[in-house]
Amino acid sequence: MKSQEYLAKEAKYGAHNYHPLPIVIAKGQGVWVWDPEGRKYMDCLAAYSALNQGYNHPRIMKAAIEQIETGVTLTSRAFYNTRLGDFLEKVCQLTGHTKALPMNTGAEAVETAIKMARRWGERIKGIAADKTEIVAFEGNFHGRTTTIVGFSSDEDYKEGFGPFTPGFKLAEYGNLDSVKAMVNENTAAVLFEPIQAEGGILIPEAGFLSGLAKFCKENNILLIADEIQTGLGRTGKMFACEHENIQPDAYLLAKAISGGFMPVSVVTANEEIMEVFDPGSHGSTYGGNPLGAAVAVEALNVLVEEKLVERAEELGNYFVTKLKAIKSPHVKEVRARGMLIGVEIRKESGVARPFCEALKEEGILAKETHASVIRFAPPLVITREEIDWALERIEKVLNINVG
Ligand SMILES: *Cc1c(COP(=O)(O)O)cnc(C)c1O
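For the structure given in this document, a descriptive report is provided here. This structure is a prediction, so every number in the text was calculated from the model and none was measured.

**Looking at the sheet that holds strand β5 (residues 133-137)**
- Ordered by their spatial adjacency, seven strands build an open sheet running β4-β10-β9-β8-β7-β5-β6, and the pairing between neighbours is mixed. A single partner strand is all that each edge strand has here, and the edge strands are β4 (99-103) and β6 (168-171). Strand after strand, the sheet turns through a mean of 20° between neighbouring axes, direction not considered.
- Two elements, β4 and strand β10 (residues 265-269), share five bridges in a ladder whose sense is antiparallel. Its bridge partner lying in β10, Ala100 is registered against Thr268.
- Where helix α4 (residues 84-95) meets the sheet, its contacts fall on β4, β9 (250-253) and β10, and the angle it forms with β4 comes to roughly 120°.
- Where helix α5 (residues 106-125) meets the sheet, it contacts β4, β5, β6, β7 (187-192), β8 (222-226), β9 and β10, and its direction lies at approximately 25° from that of β10.

Below, the structure is given as structure tokens:
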């Protein structure tokens, strides 16, 4: 089939809950993808950082195939399997927490953390039943369930989907005084992204995260870091929280934890917090499945052993330095940490979408976020030469005539 036919079929039978760029990915290797006509593109979105290890990573592929060939891909948690323990041990080692709870999607990890925080609030902090509150931030992105969109500040995410779950408050992102104003004796947790990626690659000022961590500790409030997008190397550290040397009470991980092979997510925390879950209180049929666990262990091994975290830092800096040097009438600001890069387009130049479309014509796949920001977040296996290849084309596109 040709690209046009794939587009037409998805448009005909699919719900229109996405507005994709008109490109069909039929084959992938490293940072490169090919459409059915054999045209080659560099993927600078990497499935919103799920593909940090790149397409078709041979080691992860091998781990997946080996597990599939055992004939055991799903056991459910009614039984034990031979792979889950290794996965849980691995994430505990990486995060420094003592316990881990596996789920599938990022949104499920967030839901899990909400339940954990609420029970912890009632049972351990002593908040009255059904009174716990969680503070999140304006501009947040934590997923798409009804509870999660209920505390989004983006009307597109929530319009028509109410009534919403109560018990959430929003503070201004990056403003500790705003957090303090939202907190009271019923506050169980603060849920935050160390960088708001979907929010437009918004990086809080230095000192915000460490101030937040200190405040939460002093006030017996759980600090829950959603590192689903920023974690696992993307920002040049294993976790973006490390940029301010903070250790949150819980990490939420997904996306790159399975290198793009399948949905795997996890919540990590210490025993004193995680113990609020007892048999029957939470679960998921596919959560902790042996195929996902085998894939995730190898995906994490690849991150560490191929030094993808260090690469993100070094090559991210290279990319950004060169990107900032590009002269363009359209660029308002370049914001970046490691290989998570946002180019904000000036109001007078319109929105980011036409630039993404022009990039596609040049062989680069990038997606706008928050209307005015082009995100560059290629797989972390990208080389210096590949970055140079991309920069040449980005420079051209950032100088097109628009409007
Ligand atoms: C992608 C993302 C989620 C949701 O993950 P899904 O797997 O799409 O449910 C939650 N939080 C952040 C920060 C994300 O980037």
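**Some remarks on the packing of helix α12 (residues 308-325) against helix α14 (residues 384-397)**
- The N-to-C vectors of α12 and α14 enclose an angle of 25°; their axes lie 11 Å apart at closest approach. With respect to each other, α12 and α14 are oriented roughly parallel. Regarding α12 and α14, the two cross each other, and that crossing is right-handed. From α12, Glu314, Leu315, Tyr318, Phe319, Lys322 and Leu323 reach across to α14, where they touch Arg384, Ile387, Asp388, Leu391 and Ile394.
- Grouping the amino acids of the contact of α12 with α14 by side-chain chemistry returns seven nonpolar, no polar and four charged.

**Some thoughts on the pattern of salt bridges**
- This model, assessed by the stated rule, comprises 22 salt bridges.
- For the salt bridge of Arg39 with Glu37, the shortest nitrogen-to-oxygen distance reads 3.4 Å.
- Residue class for Arg39 comes out partly exposed when judged on its relative accessible area of 46%.
- In this structure, Arg393 and Glu392 form a salt bridge, with 3.9 Å as the shortest nitrogen-oxygen distance.
- Three or more residues are tied together by salt bridges with common partners; here these are Lys332, Glu333, Arg335 and Glu344.

**Some remarks on the site of the ligand**
- Around the ligand, the neighbouring residues are Thr105, Gly106, Ala107, Phe141, His142, Gly143, Glu193, Asp226, Ile228, Gln229 and Lys255.
- Between the ligand and Ala107, the relevant distance is 2.8 Å, taken from an oxygen atom to a main-chain nitrogen or oxygen of the residue.
- Phe141 is positioned with one of its backbone polar atoms (N or O) 3.3 Å from a nitrogen atom of the ligand.
- Contact with the protein chains covers 80% of the free accessible surface of the ligand, which is 380 Å².
- Grouping the amino acids of the shell around the ligand by side-chain chemistry returns three nonpolar, five polar and three charged.

**Observations concerning helix α3 (residues 58-69)**
- Counted at 1.5 Å a residue, the expected span for α3 with its twelve residues is 16 Å, and the 16 Å between its end C-alpha atoms agrees.
- Residues of α3 that are buried in the fold lie against α11 (290-305).

**Thoughts on the side chain of Gln229**
- Secondary-structure assignment places Gln229 in the loop between β8 and β9.
- Of note is the side chain of Gln229, whose polar atom sits 2.6 Å from the side chain of Arg375.
- In this structure Gln229 touches Tyr48, Ser49, Ala197, Glu198, Arg234, Lys255, Leu340 and Arg375, once residues within four positions along its chain are discounted.

**Concerning the packing of aromatic side chains**
- Taken as a whole and assessed by the stated rule, the structure comprises eight aromatic pairs.
- Their ring planes at 80° and their centres at 5.6 Å tell us that Phe137 and Tyr173 sit as a pair that is edge-to-face. With Phe137 in strand β5 and Tyr173 in the loop between β6 and α8 (176-182), this pair connects stretches of sequence that are 36 residues apart.
- The exposure class assigned to Tyr173 is buried, which follows from its relative accessible area of 14%.
- Seen from their ring centres, Phe319 and Phe376 are 6.1 Å apart, and the 40° between their planes marks the pair as tilted. Highlighted residues: Phe319 in helix α12 and Phe376 in strand β15 (residues 373-376), separated in sequence by 57 residues.
- Every member of this aromatic cluster is reached through a ring pair, and the members are Phe137, Tyr173 and Phe208.
- Across the ring face of Trp34, the terminal group of Lys27 is positioned such that the distance to the ring centre comes to 4.6 Å.
- Over the ring of Trp389 we find Arg393; its NZ or CZ atom is 4.0 Å from the centre of that ring.

**With respect to unusual backbone geometry**
- A cis amide bond links Gly162 with the next residue in sequence, Pro163, at an omega value of 0°.
- Relative to the helices and strands, Pro163 is located in the loop between α7 (155-158) and β6.
- The phi torsion at Ala46 lies on the positive side, around 55°, for a residue other than glycine.
- Turning to its location among the elements, Ala46 is positioned in helix α2 (residues 46-49).
- Given a relative accessible area of 0%, Ala46 falls into the buried group.

**Some details on the nonpolar core**
- Core analysis: the biggest nonpolar cluster contains 89 residues, and Phe87, Ile257, Leu323, Ile374, Phe376 and Ile394 have the highest contact counts within it.
- Broken down by element, the residue count for this core peaks at nine residues, all from α11.
- Among all residues touching Leu323, those that are not within four sequence positions of it are Val334, Ile341, Val343, Phe376, Leu391 and Ile394.
- Grouped together as the second largest cluster of nonpolar side chains are 29 residues, Ala109, Trp120, Val276 and Phe277 included.

Criteria and thresholds
- Residues numbered from 1 in each chain as written.
- Predicted model: local features only at pLDDT ≥ 70, side-chain atom pairs only at ≥ 80, totals over all residues.
- Heavy atoms only, no water.
- Pairing = 2+ DSSP bridges.
- Helix = DSSP H or I, 4+ residues; strand = E, 2+ residues; numbered from the N terminus.
- Axes fitted to C-alpha atoms, helices over the stretch in contact; angles between N-to-C directions.
- Contact = heavy atoms within 4.5 Å.
- Parallel < 35°, antiparallel > 145°, perpendicular 65-115°, else oblique.
- Left-handed = near helix turned anticlockwise from the far one by under 90°.
- Nonpolar A, V, L, I, M, F, W, Y, C, P; charged D, E, K, R; others polar.
- Salt bridge = Lys/Arg side-chain N within 4 Å of Asp/Glu carboxyl O.
- Buried < 20%, exposed > 50% of the residue type's maximum accessible area, 1.4 Å probe, protein only.
- Near = heavy atom within 4 Å.
- Polar contact = N/O pair within 3.5 Å; in protein donor to acceptor, adjacent residues only side chain to side chain.
- Areas by Shrake-Rupley, 256 points an atom, 1.4 Å probe, with all protein chains shown as cover.
- Expected span 1.5 Å × (residues − 1).
- Phe/Tyr/Trp six-rings, centres within 6.5 Å; stacked < 30°, edge-to-face > 60°.
- Lys NZ or Arg CZ within 6 Å of the ring centre and 35° of its normal.
- Core = buried A, V, L, I, M, F, W, Y, C linked by side-chain atoms within 4.5 Å.

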